[in-house]
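Examining the three-dimensional arrangement
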Amino acid sequence: MIILAGLGNPGAQYQKNRHNIGFMAVDAIQRRHGFSPWAKKFKAEIAEGTLAGEKVMLIKPQTFMNLSGESVGEAMRFYKLSPADLIAIYDELDLLPGKARIKTGGGHGGHNGIKSLDAHCGLNYRRLRLGIGHPGDKSKVHNHVLGDFAKVDAEWLDPLLETLADNAEMLVRGEDSQLMNKLALATGAKAEDEKPAKAPKGPKPAQSHIHQARNFNQPKKLPEKGPMAEMLKKMFGPKSD
């Protein structure tokens, strides 16, 4: 069995928060693939189904974000699963809105939900991070993550969630690079993030001796006007008979 754990906070007041993008992701997968209705178990809401021939359980911990690991860890112990059987989906401040990254293991990056998963579930599980952007000021982070997505965010949020749901089998099969490409194409995040590299400052690189020789042999343009031009005409111009 594979567990797809979407992280968020329970309750209607948090439903549209940026911090709840993990809940939104597993909700989209549940709808798209005909999973069972949500049921209460393991201090969570769970739904069961099949993806890519694998039995999959979607889980939304109802313990609040900071205690997510208590719920997911209980489910893992019940089914005797290892960290390799877990995929966590959650919000990432340090990614631009609409961007996604996935890796196995790594640090928690200050995310309290991931801190809790690390403590209760082990470290080497796969982590799908969905970018919500940073407000630019550390003092604004709390209100940013617990604030609702703006209407304009639907331009990238809806395609991101729909494409993730459509290609959830790739997530289960471990086709991570292919899935990241699909998500980037759907949201335009790749093109938005890639900017032409600036030319390095400092002295120009030295030319090879061959290039220098070619430049040396090229005729230089002579001035056509001014005192220098008059002098050159007298020196090299046609002489009268």
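From a predicted model like this one, the values you see are computed outputs, not experimental measurements. (Residues numbered from 1 in each chain as written. Predicted model: local features only at pLDDT ≥ 70, side-chain atom pairs only at ≥ 80, totals over all residues. Heavy atoms only, no water.)

Some details on helix α3 (residues 112-121)
We count it as follows: The buried label goes to any residue with under 20% of its type's maximum accessible area, the exposed label to any with over 50%, and the partly exposed label to all in between, with areas taken from a 1.4 Å probe on protein chains only. Counting from the N terminus, the helices are the DSSP runs of H or I reaching at least four residues and the strands are the DSSP runs of E reaching at least two. Contacts were defined at the residue level, with two residues in contact if any of their heavy atoms lie within 4.5 Å.
For α3, the set of buried residues is Gly113, Ile114, Ser116, Leu117, Asp118 and Cys121. Of the surrounding elements, those touching the buried residues of α3 are α2 (68-79), β5 (86-92) and β7 (126-131). Count one or two residues on from α3 and you reach Gly122, which has phi positive near 95°.

So, the UniProt feature "active site" (unreviewed entry) in the protein
Using the following cut-off: UniProt positions are given in the numbering used here, feature names are shortened, and annotations may be inferred rather than shown by experiment.
Here, the residues flagged by UniProt with the feature "active site" (unreviewed entry) are His19. In this view, His19 contacts Leu7, Gly8, Asn9, Met65, Asp91, His111, Val145 and Leu146; residues no more than four positions away in its chain are not counted.

Some remarks on the packing of helix α1 (residues 21-32) against helix α5 (residues 154-166)
In plain terms, the rule: Angular values range over 0 to 180 degrees, each being the angle between N-to-C directions of two axes fitted as lines to C-alpha atoms, with helices fitted over their stretch in contact. Note on terminology: angles under 35 degrees are roughly parallel, angles over 145 are roughly antiparallel, angles of 65 to 115 are roughly perpendicular, and the others are oblique. The hand of a helix crossing depends on one turn: near helix anticlockwise from the far one by less than a right angle means left-handed, and clockwise means right-handed. Note on residue classes: Ala, Val, Leu, Ile, Met, Phe, Trp, Tyr, Cys and Pro are nonpolar, Asp, Glu, Lys and Arg are charged, and everything else, Gly too, is polar.
For the pair α1 and α5, the least separation of the axes is 8 Å and the interaxial angle reads 50°. Taken together, the axis directions place α1 and α5 in an arrangement best described as oblique. The chirality of how α1 crosses α5 is right-handed. For the pair α1 and α5, contact is made by Ile21, Met24, Ala25, Ala28, Ile29 and Arg32 and by Trp156, Leu157, Leu160, Leu161, Leu164, Ala165 and Asp166, respectively. Taken together, the residues of the contact of α1 with α5 break down into eleven nonpolar, no polar and two charged.

Observations regarding the environment of Thr163
Checked against the element boundaries, Thr163 lands in helix α5. A relative accessible area of 14% means that Thr163 is categorised as buried. Every residue in contact with Thr163, bar those within four places of it in the chain, is listed here: Lys182, Leu183 and Ala186.

A look at the environment of Lys43
Residue position: Lys43 is located in the loop between β2 (39-41) and β3 (44-51). Lys43 sits in the partly exposed class, given a relative accessible area of 47%. Along the primary structure Lys43 and Lys60 are separated by 17 residues, whereas in three dimensions their C-alpha atoms are 8.9 Å apart. Discounting chain neighbours no more than four positions away, the residues touching Lys43 are Pro61, Gln62, Thr63, Glu70, Ser71 and Glu74.

A few points about the confidence of the model for the protein
Close inspection of predicted coordinates is inappropriate in any region flagged by low pLDDT. Cut-off, in case you're wondering: What pLDDT conveys is the predictor's confidence in a given residue, as a value from 0 to 100.
Averaged over all residues, the pLDDT of the protein is 85; the fraction at 70 or higher stands at 78%. Counting contacts from residues 190-202, a segment whose pLDDT is below 50, to residues more than four positions away or on other chains yields four contacts. Within the model, the stretch residues 208-217 combines pLDDT values under 50 with two contacts to residues more than four positions away or in other chains.

Remarks on the packing of aromatic side chains
What counts, and what does not: We call Phe, Tyr and Trp rings a pair once their centres come within 6.5 Å, taking the six-membered ring for Trp, and we label the pair stacked below 30 degrees between planes, edge-to-face above 60, and tilted otherwise. The rule for a charge over a ring is simple: NZ of Lys or CZ of Arg within 6 Å of the ring centre, and within 35 degrees of the ring normal.
Under the counting rule described, the total for this entry stands at five aromatic pairs. Note on Phe42 and Tyr79: the rings are 5.9 Å apart at their centroids and 70° apart in plane angle, and the pair reads as edge-to-face. With Phe42 in the loop between β2 and β3 and Tyr79 in helix α2, this pair connects stretches of sequence that are 37 residues apart. Ring centres of Phe78 and Tyr79 lie 4.9 Å apart, and the angle between their planes is 85°; this geometry places the pair in the edge-to-face category. Tyr79 gets classed as partly exposed once you look at its relative accessible area, which sits at 25%. The structure contains a cluster of three or more aromatic residues connected by ring pairs, namely Phe42, Phe78 and Tyr79. The residue whose ring lies beneath Lys60 is Trp38, and the NZ or CZ to ring-centre distance is 4.2 Å. Between Arg127 and the ring centre of Tyr125, over which it is positioned, the NZ or CZ distance is 4.1 Å.

Remarks on the sheet that holds β2
Keep this limit in mind: A pair of strands is labelled paired if DSSP reports no fewer than 2 bridges between them.
The strand order β2-β3-β4-β1-β5-β7-β6 describes an open sheet built from seven strands, whose pairing is mixed. What marks the edges here is a single partner per strand, and that holds for β2 and β6 (100-104). Taking the axes of each pair of neighbouring strands and ignoring which way they run, one obtains an average angle of 30° across the sheet. Examined bridge by bridge, β3 and strand β4 (residues 54-61) share eight bridges and lie antiparallel to one another. Paired with Ala44 across the bridge in β4 is Pro61. Along the sheet face, α2 touches β1 (2-6), β2, β3, β4 and β5 and points at about 150° away from the line of β4. Across the sheet, α3 lies against β5 and β7, angled at about 160° from β5, the strand it touches most.

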